[in-house]
Every structure is written in C-alpha cells, then in structure tokens.
Amino acid sequence: MFQRILVANRGEIALRVMRACREMGIQTVAVFSEADRGAHYLDSADEAFCIGNAPASDSYLDYKQIIAACEVGNVEAVHPGYGFLSENAAFAEMCRDCNIEFIGPHHEAMAKLGDKVSAREIAKSAKVPVVPGTEGLISDEAEAVKVAGEIGYPVLIKATAGGGGKGMRVARNEMNLKQGLKQAAQEAEKAFANPGVYLEKYIEAPRHVEVQVLADNHGNVVHLWERDCTMQRKHQKVVEESPAYALPNKVREEICKAAVRLVKTSGYTNAGTVEFLVDPDHNFYFIEVNARIQVEHPVSELVTGTDLVQWQIRVAAGEKLDLKQKQIPCNGSAIEIRINAEDPDNDFRGSPGTITKLRLPGGPGVRIDSHVHEGYRIPPYYDSLIGKLIVHRPTREQTIATTLRALDEFVVEGVKTTIPLARKILSHPAFVESKVDTTFIERTW
Ligand code: ADP
C-alpha cells in the first residue's frame, strides 16, 4: 500500500480523499492556490504546498507545478478527485512517466473513453445500445442534414470532447441544425481545443441513469448499482439518488450488466461511471463514461456499504477486488443534494463571498461532505459547490422526510445558496412520485 499520496484538487473532494487516506493510515500532501490559502480543510493534510495563483490554469491545472509538488512532497501516488486534471490522459501519462501512480484508469483507456465518439464505438462493440446518431464525427453540413433526416428531428449536436453540457445544441429543424453546428464546434474548440461534433437523436423526456463500476488490474469488474440523476438544470445534476426508484428491477439489472460489459470490453480500470438515458418506455441508451470519481459517489457508498475512494486507492496499489457481484447489496434509499453558492433569483449565478453563519444538519441518516466553515470565503474562481447533503434511510419515503428535515436545519448566511430550490424539489409531488424527466426543473420553475 502507498505511504503517501498527493491530492491534486481542492474543496470538498480534496477533504473526502484526505479522510479516506487518514483512515487507511496513508499520509497526504495537499496543494492549494493563493485563493485557497488558509482554508481549514488543508489542515487535514500532513503537508500542503502552494502551487500558484488563483486561476485554475495557474494552479490546479498546471501539470508541472503538481508533478513538482509530488517530487518535493515525496509521494508515490496522486489522487486527482473530479474536474481539473482528473480526466486528462496526458497528465495521467506524465504521472506514470515520472513513476507516480495516477489513481484512476490507465491513460490509454481514459483517452479512448473520454472521447465520446470513440466511446460510442466501444459501446457498440460491447453490444450496449447507444443513442441513434452519426457513425463518427460530422465532416460537413450536407452529411449532418442527411443523417438528421434519417434519424428524425429533433437532434442533438454534441462535442466529442464535451463535458459540463458545453458544445451541446438541440436542433429541431434543418435551419437550427446548420446554425447549431457552427456554434457547437466553436464552443467546443474554445472549451476543449477540439472542434469535433457529432449528432444524436434528441431523446424526449428522458431520465438520466448511471452505473457505478469498479475494476481492478486483475480483470475483475463489478457494478455498485445505479444512480438516478434526472434532476438537472442546464444539463447539470442537482439531486441524485440510488436506487433509481422509477425503473423496474429487470431494467436496473440490465443497465448494470450493460455497464460492466462496456468496462470489460474497454480494458478500463479503477472507479468509473457509465451514463445512460432512459426513455419513457424504459429503453436505455449509453451516452458517456466518466473516468473518475464523481460528485455523487456517496449515494452509492451508502446503499452498498462500500468506500469508493478507498477502493480507488486500493485498486491503484494493485490490490484485487474482494467484492463479489452477488454480495454487493443495494440497501435502503439514498439521496444527495448539491449545495451550491448560487443565486436562484439571478439565473443561478455564482454567489461568492464570506459565509457569516453556518449551521450544519445532523441526526440519523445524515452525512455532510463539505469543506466550508463559518468565516470561509468562497473564491469566485472555481465551481460553486460548497457541500453535499447525503441522506440514507430504509425507504425512499423516509429518505425524503429526513432530507427535508435536514434542509430545514441547514443554515448558510452571507451568500445565496440552492437550499431553497432543493426544498422545492423534494416537496414537489412529481419528485415524490418520481414522475420527472431531465427537463423538469426548467419546465416547472
Ligand atoms: P456532458 O458530458 O457535457 O455532461 P452528457 O453526454 O453527459 O454531456 O449529457 C448531459 C445531459 O444532457 C444528460 O444527462 C441529458 O440530460 C442531456 N442529454 C445528453 N444527450 C442527450 C440526448 N441524446 N437526448 C436528450 N438529452 C440528452
């Protein structure tokens, strides 16, 4: 097992990884930007190095600074968390070249699955259904018009390098398509330095269901059941839960098996998530793989009784998975609420500032993953997640009741947060009955 790991991230996920390491007797080295200097979560590391200025490109995305910190900090491995460099195959390769274990998949599997067009090819070869669409990248407008005519409008233009909803455009007719192609390619070039786009049929009123997988370096692959992340705003998840209450058991099992097949076919290792859309008739379609730990991993940890971050570390150190698929339970019901410092009255703009008062909920079934504290200054440079409320109870009804109770106890003053939106969602009959699709939040509010 590793003795010392560098955590190449910030905020709640950096703290989550440090907590896992502490329980395993592993020392941690934290890195921070000038904007995060003095944040209390850094005290949980054995050592911490400043790696640059506030903008992520000068710090958390700066490979060279991070590799240098690994060498000075004398670590054997690096945990990238999510976001930043976590799905950057070039960084993963550079770590391996420097003899530092990257806690995640091998860079080749990451590159293959990180590209959505090539991931679709792998899914097809693993006999996993994909959304109908173009075979590969779109080479010209005429081809796009032809394919859209074949699959039928509306279609979705997607960036092969996409993430965070960037480079995605719905086209309801040929004119939309022609305009959207250029815009999507430009947006993708700007965000990912890759203008490649392709078309998918736009699935109307879908649910988003994703499967947590875990694969070791010895050929063992298991799933840890599914999460329903249908509650989204602008294609960004807001509330996540496990199990996916609205799906018949047979469909849940088929989706989970499909995810394992895909992972086996691609040679992927470590923790990952295979994402699907499910249409109102319960047909499911692969959309993408997230080659990292995800924000919403705690709901799977709670229903299966596993520690995914510790497993990531164990697998990276070469350990065999001792989990047998049949023995992985899915107990009770878990819901995660993302608490963002955003202003619901102002189109959910980021609301950076100082937290003047903070009272965290507790009691039975409540877990808080957060790095913030009273007096904490939320920097304007990074994402707006200030914490996650995760609730686990025996039934979904109880989980919803406990989550609402915990949201009432949750006090954050000094900045605007998404707590009021979470309350509205959890008490809405459509959520309670699980009769929602990915457009629910925007349609309803
Ligand atoms: P990104 O990597 O940018 O997050 P994804 O492919 O994961 O993009 O899709 C994010 C969300 O966009 C999905 O959860 C869903 O709400 C919506 N979406 C993606 N593909 C489709 C599709 N073919 N039809 C309808 N909605 C889609």
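Structure first, text after, so check above.
Criteria and thresholds
- Residues numbered from 1 in each chain as written.
- Predicted model: local features only at pLDDT ≥ 70, side-chain atom pairs only at ≥ 80, totals over all residues.
- Heavy atoms only, no water.
- Helix = DSSP H or I, 4+ residues; strand = E, 2+ residues; numbered from the N terminus.
- Rg over C-alpha atoms; globule rule 2.2 N^0.38 Å.
- Buried < 20%, exposed > 50% of the residue type's maximum accessible area, 1.4 Å probe, protein only.
- Pairing = 2+ DSSP bridges.
- Axes fitted to C-alpha atoms, helices over the stretch in contact; angles between N-to-C directions.
- Contact = heavy atoms within 4.5 Å.
- 1 Å grid on protein atoms, 1.4 Å probe; cavity = no way out; pocket = protein on both sides within 12 Å on 5 of 7 lines; lining within 4 Å.
- Points joined across faces, edges and corners; volume = space filled by probe spheres on them.
- Nonpolar A, V, L, I, M, F, W, Y, C, P; charged D, E, K, R; others polar.
- Phe/Tyr/Trp six-rings, centres within 6.5 Å; stacked < 30°, edge-to-face > 60°.
- Lys NZ or Arg CZ within 6 Å of the ring centre and 35° of its normal.

1. Here we look at the overall build of the protein
A count of helices and strands for the protein gives 14 helices and 22 strands. Over its C-alpha trace the protein gives a radius of gyration of 21 Å, about what one expects of a compact globule, namely 22 Å for 445 residues. Projected onto the principal axes, the alpha-carbon positions of the protein cover approximately 60 × 50 × 45 Å. When each of the 445 residues of the protein is scored for burial, the buried share is 57%.

2. Quick look at the sheet that holds strand β7 (residues 169–171)
Strands sit in the order β7-β6-β8 across an open sheet of three strands; the sheet is antiparallel. Looking at which strands have only one partner, the edges of the open sheet turn out to be β7 and β8 (197–201). Along the sheet, successive strands turn relative to each other by an average axial angle of 30 degrees, direction set aside. Bridging between strand β6 (residues 155–159) and β8 involves five bridges; their strand directions are antiparallel. The residue bridging A159 from the neighbouring strand is V197, located in β8. This element, helix α5 (residues 116–125), spans β6 and β8 of the sheet and lies at about 50 degrees to β8. Seen against the sheet, helix α7 (residues 174–192) touches β6, β7 and β8 and runs at an angle of roughly 20 degrees to β6.

3. Here's the deal with the layout of surface pockets
Of the pockets and cavities examined, the second largest pocket occupies roughly 200 Å³. Forming the walls of the second largest pocket are V221, H223, W225, E253, C256, K257, V260, K264, Q325, K326 and I328. Elements represented by at least two residues in the lining of the second largest pocket include exactly β10 (221–233) and α8 (249–266). With five residues, the single largest contributor to the lining of the second largest pocket is α8. Here the lining of the second largest pocket is composed, by residue class, of five nonpolar, two polar and four charged.

4. Quick notes on the sheet that holds strand β11 (residues 236–242)
Taken in spatial order, the eight strands line up as β13-β12-β9-β10-β11-β14-β21-β19 in an open sheet, and their pairing is antiparallel. At either margin of the open sheet sits one strand with a lone partner, and together these are β13 (284–290) and β19 (366–369). This sheet shows a mean twist of 25 degrees between the axes of neighbouring strands, independent of strand direction. Across four bridges, the pairing between β11 and strand β14 (residues 333–340) is antiparallel.

5. Examining the environment of V197
If you trace the backbone, V197 turns up in strand β8. For the pair V197 and L181, spaced 16 residues apart in sequence, the C-alpha to C-alpha distance is 7.6 Å. Setting aside residues no more than four positions away along its own chain, V197 makes contact with L137, I138, I157, K158, A159, T160, L181, A184 and A185.

6. Focus: the packing of aromatic side chains
Where two aromatic rings form a pair, the distance of their centres and the angle of their planes describe that pair. Under the definition given, this model contains nine aromatic pairs. Consider the rings of F440 and W445, whose centres lie 5.7 Å apart with planes at 90 degrees: the pair is edge-to-face. Given a relative accessible area of 39%, W445 falls into the partly exposed group. Members of the aromatic cluster, connected to one another through ring pairs, are Y60, F84, Y381 and Y382. A cation sits over an aromatic face here: R396 above Y245, 4.6 Å from the ring centre. Here the guanidinium or amino end of R396 rests over the ring plane of F431, the centre of that ring lying 4.8 Å away.

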